[in-house]
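Tertiary structure, described
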Amino acid sequence: QETVVMLRFSDCCVCDLIDKGEETFVPSKGQPQPAVKKSAANSLAGVAPERARLQEFVKDFAKCAIRGVPCTVVNPQTGQASGASYFLDPKIQRLVFKRSQTPETVIANIQMENIKDVLVDSGVSEKVISKHDVNRLAILTFQNGDPSVFILEGSQVDRDRFALCVKISRLYAQMQQTA
């Protein structure tokens, strides 16, 4: 038997202890509340620590991404890799990839609500990504049909963090658009 616990998304991903002046995460009032399933064996008290951990995880990602996180952008046709960094705007509405050598050169300027999915462990040809690097690959796909963006993170853990936090940030951006 399962119990459904209702959490406000803004409670999950918006921290009231944010370093002032560093980010501006402002939750909207009256947002829908997504359901999170928990087994009946788990107490409702167990939800708060889990939510706090997830909140802190996403907050740390956002802090880093606002400042810029180094990564590698890969051309999916040629396999050519370019040093880059990604940046998240403080309102969590845009994700921008810029070249490392020429930071004024924007590789991709992405509206978060247009992200369809962040793929990991996808069957990409070794002509594009070496077998050694495939565990660091994240692929951003888009609802509007824009070409996918292939990025290599520093490690598999960094890739998984990127994928999870971008998915959560996408939901947040979509909810802000409908509010």
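About the cut-offs
Residues numbered from 1 in each chain as written. Predicted model: local features only at pLDDT ≥ 70, side-chain atom pairs only at ≥ 80, totals over all residues. Heavy atoms only, no water. Disulfide = S-S within 2.5 Å. Buried < 20%, exposed > 50% of the residue type's maximum accessible area, 1.4 Å probe, protein only. Salt bridge = Lys/Arg side-chain N within 4 Å of Asp/Glu carboxyl O. Helix = DSSP H or I, 4+ residues; strand = E, 2+ residues; numbered from the N terminus. Expected span 1.5 Å × (residues − 1). Polar contact = N/O pair within 3.5 Å; in protein donor to acceptor, adjacent residues only side chain to side chain.

The next point concerns the state of the cysteines. Tallied over the full model, the rule gives 0 disulfides. Cys 64 takes part in no disulfide bond, and the closest cysteine sulfur, belonging to Cys 165, lies 9.7 Å away. Given a relative accessible area of 32%, Cys 64 falls into the partly exposed group.

The tally for this structure, following the rule as stated, stands at 5 salt bridges. Lys 167 is the partner of Asp 117 in a salt bridge, and the nearest nitrogen-oxygen pair spans 3.7 Å. Within this pair, whereas Asp 117 is found in strand β7 (residues 115-119), its partner Lys 167 is found in helix α3 (residues 156-178), the two being separated by 50 residues in sequence. Between Arg 136 and Asp 133 there is a salt bridge, with the nearest N and O atoms lying 3.0 Å from each other. Asp 133 shares its class with Arg 136; the two are buried.

On to unusual backbone geometry. A positive phi angle, close to 55°, is found at Ile 92, a residue other than glycine. Topologically, Ile 92 is positioned in the loop between β4 (81-88) and β5 (94-99). Overall, the relative accessible area of 6% leaves Ile 92 in the buried class.

For α3, built from 23 residues, the straight-helix expectation of 33 Å at 1.5 Å per residue is met to within 8% by its first-to-last C-alpha distance of 33 Å. All buried positions along α3 are accounted for by Arg 159, Phe 162, Ala 163, Cys 165, Val 166, Ile 168, Ser 169, Arg 170, Tyr 172, Ala 173, Met 175 and Gln 176. Sitting at the amino-terminal end of α3 is Ser 155, which places a side-chain oxygen 3.4 Å from the backbone nitrogen of Val 157.

Among the structural elements, Lys 91 can be located in the loop between β4 and β5. For Lys 91 and Tyr 172, which are 81 residues apart along the polypeptide, the C-alpha to C-alpha distance reads 9.8 Å.

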